[in-house]
Amino acid sequence: MASNAKRAWIGGTAFAAAVLAAGSWFFAVSPNLTAASERRAEAEDTRAFNDVLNLKLAKLKSDFGKLDTYKADLAAPRRRSRRRRSWRRTWTASTRSRSPAG
């Protein structure tokens, strides 16, 4: 009978150890592994986003170096349109003075 009791205790202890190990896995280890995996994915996404921002920053730095050229390009059509407007005013004023109604 003593060996049967001993076997029962050994079997019960092994079963309790297995239940404890499984419970530890499902309630402690597995959630931490999942959280770590999510953090790794977030870190990778952040690195990719930083790479995109670095490319945009390089483009902006390049554009800033060409800013004077861009300003000159934008100023040229303004000068032409001012000349056209002044020519139109002169032409309109001269035609009004010639018209019989004016």
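Scroll up a little and you will see the structure.
Summarised in this report is the structure supplied together with it. (Residues numbered from 1 in each chain as written. Predicted model: local features only at pLDDT ≥ 70, side-chain atom pairs only at ≥ 80, totals over all residues. Heavy atoms only, no water.)

### Things to note about the overall build of the protein
Rules: The way it works is that DSSP assigns letters per residue, a run of H or I at least four long becomes a helix, a run of E at least two long becomes a strand, and they are numbered from the N terminus. Burial classes: relative accessible area under 20% of the type maximum marks a residue as buried, over 50% as exposed, and values in between as partly exposed (1.4 Å probe, protein chains only). Here the accessible surface of atoms and residues is derived via Shrake-Rupley with a 1.4 Å probe, and residues count as covered only by protein chains that are part of the display.
Along its length, the protein carries 2 helices and 0 strands. When burial is assessed residue by residue, the protein has 1% of its 102 residues classed as buried. For the protein, the accessible area works out to roughly 9,500 Å², and carbon and sulfur atoms hold 62% of it.

### A closer look at the pattern of salt bridges
In plain terms, the rule: What counts as a salt bridge is simple: a side-chain nitrogen of Lys or Arg found within 4 Å of a carboxyl oxygen of Asp or Glu.
Inspection of every chain in the model, using the stated rule, returns 3 salt bridges. The salt bridge partner of Arg39 is Glu42, with a shortest N-O separation of 3.7 Å. Highlighted residues: Arg39 and Glu42, both in helix H1 (residues 2-65), separated by 3 residues, approximately one helical turn. The salt bridge involving Asp63 is made with Lys59; its shortest N-O contact spans 3.0 Å. Placement of both Asp63 and Lys59 in helix H1 is noted, with a separation of 4 residues, approximately one turn of the helix.

### A closer look at a nonpolar patch on the surface
Applied cut-off: Each patch groups residues whose relative accessible area exceeds 30% and which form no salt bridge, using 9 Å between like charges and 5 Å between nonpolar side chains of Val, Leu, Ile, Met, Phe, Trp and Tyr.
Where nonpolar side chains cluster on the molecular surface, the patch consists of Trp25, Phe26, Phe27, Val29 and Leu33 and spans about 590 Å² of accessible area. Take Phe27: it is sitting in helix H1.

### Description of H1
Using the following cut-off: Each residue after the first adds 1.5 Å to the expected span of a helix. Given a residue, its bend is the angle between the two axes fitted to the seven residues that end at it and to the seven that start from it.
With 64 residues, H1 extends 91 Å between its outermost C-alpha atoms, agreeing within 8% with the 94 Å of an ideal straight helix rising 1.5 Å per residue. At Trp25, H1 is deflected by roughly 40 degrees, the largest bend along its length.

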